[in-house]
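This is what each chain is made of:
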Amino acid sequence: MLGGKFVDNLMDKFAQKLSAQEMIRANEAAEAAEQDRIKKQAEIYEKEVELLKENMNNLQKGIDNLADNSSKNIDITPLTEQVENILKKIDLSDEKTYDVGVRTWRNVEASIQEALNKQMPSIRQAIVDENTAQVQALREEFKKLSKRAEELEVQIGTKNNAVLPVCIITLLIAAANLIIMLLHIYGIM
């Protein structure tokens with residue numbers, strides 16, 4: 001009766017948690033794949049940056065060698081333009097790497113928030129359903145206790161006047177207990 005419903009509700013919650021855990025694992029796997037892809041892309045950018053830096057250093061050495069070894073006036077404008085282009089590419093690469101990292105973080109954050117938003121209504125509903133079932137079970141038990149108290153009162157009748165106050169006190173304690181349980185369930189107390 002009461003125990004059977006409790007076990008059924010417990011099993012339902014367990015099954016819901018498993019499906020929620022599977023969703024979380026799937027999200028984590030997708031996030032991990034996205035992070036791996038971004039890491040690989042960042043590594044490629046880093047290699048390109050290193051290559052650009054190396055080329056820039058080689059050009060700078062070439063410019064320095066030309067300036068030192070040459071007594072002629074050499075036009076180094078094309079070389080300086082190449083150096084400037086390389087510096088611009090490095091800055092652009094750094095910006096892209098930063099943008100990819102920010103996008104990844106936002107995607108991860110959004111997917112976690114979305115998963116939580118999807119799961120919260122079902123969790124709330126499960127709690128409400130469980131609380132409603134418990135309240136109903138308590139009401140039924142209270143009705144049974146009330147009927148039993150009435151039956152005992154009729155059976156005892158006037159034979160024992162001391163039993164009536166005990167029954168009333170017991171009934172009041174049961175009612176107070178029910179009220180306290182309801183207040184706990186609904187979070188008032």
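Reading the values: the criteria
Residues numbered from 1 in each chain as written. Predicted model: local features only at pLDDT ≥ 70, side-chain atom pairs only at ≥ 80, totals over all residues. Heavy atoms only, no water. Helix = DSSP H or I, 4+ residues; strand = E, 2+ residues; numbered from the N terminus. Areas by Shrake-Rupley, 256 points an atom, 1.4 Å probe, with all protein chains shown as cover. Patch = residues over 30% accessible without salt bridge, like charges linked within 9 Å, V, L, I, M, F, W, Y side chains within 5 Å. Salt bridge = Lys/Arg side-chain N within 4 Å of Asp/Glu carboxyl O. Lys, Arg positive; Asp, Glu negative; His and termini not counted. Charge placed at Lys NZ, Arg CZ, Asp CG, Glu CD. Buried < 20%, exposed > 50% of the residue type's maximum accessible area, 1.4 Å probe, protein only. pLDDT = per-residue confidence, 0-100. Contact = heavy atoms within 4.5 Å.

### Some remarks on the overall build of the chain
- The number of helices and strands found in the chain is three helices and zero strands.
- Beginning at the N terminus, the succession of helices and strands in the chain can be written as α-α-α.
- Element-wise, carbon and sulfur atoms account for 59% of the exposed surface of the chain, whose accessible area totals about 14800 Å².

### Thoughts on a negative patch on the surface
- There is a patch of like negative charges on the surface, built from Glu 43, Glu 46, Glu 50 and Glu 54.
- Checked against the element boundaries, Glu 54 lands in helix H1 (residues 2-69).
- We classify Glu 54 as partly exposed; its relative accessible area is 47%.

### A few points about the confidence of the model for the chain
- Across the chain, the average pLDDT comes to 77, with 79% of residues at 70 or higher.
- Across the chain, the element-wise mean pLDDT spans from 74 in H1 up to 87 in helix H3 (residues 163-185).

### Examining the pattern of salt bridges
- Here the structure, examined in full by the defined rule, presents two salt bridges.
- Taking the shortest distance from any N to any O, the salt bridge between Arg 37 and Glu 34 comes out at 2.7 Å. One end of the pair, Arg 37, and the other, Glu 34, are both in helix H1, three residues apart, so they sit about a helical turn from each other.
- Residue classification places Arg 37 among the partly exposed positions, given a relative accessible area of 44%.
- Classification of Glu 34 as partly exposed rests on a relative accessible area of 27%.
- The shortest N-O distance in the salt bridge between Lys 118 and Glu 114 comes to 3.1 Å. In this pair, Lys 118 and Glu 114 both sit in helix H2 (residues 77-156), four residues apart, roughly one turn of the helix.
- Residue classification places Lys 118 among the exposed residues on the basis of a relative accessible area of 53%.
- Here Glu 114 falls in the partly exposed class, since its relative accessible area comes to 44%.

### Digging into the side chain of Thr 104
- You can see Thr 104 is positioned in helix H2.
- Taking relative accessible area as the criterion, Thr 104 reaches 9% and is therefore assigned buried.

### Some remarks on the environment of Leu 52
- Its place among the elements puts Leu 52 in helix H1.
- Along the sequence, Leu 52 and Leu 87 sit 35 residues apart, while their C-alpha atoms lie 8.1 Å from each other.
- Apart from the residues within four sequence positions on either side, Leu 52 is in contact with Ile 86, Lys 89 and Ile 90.

### Concerning a nonpolar patch on the surface
- A cluster of nonpolar side chains, Ile 112, Leu 116, Met 120, Ile 123 and Ile 127, forms an exposed patch at the surface whose accessible area comes to about 410 Å².
- Of note, Ile 127 is situated in helix H2.

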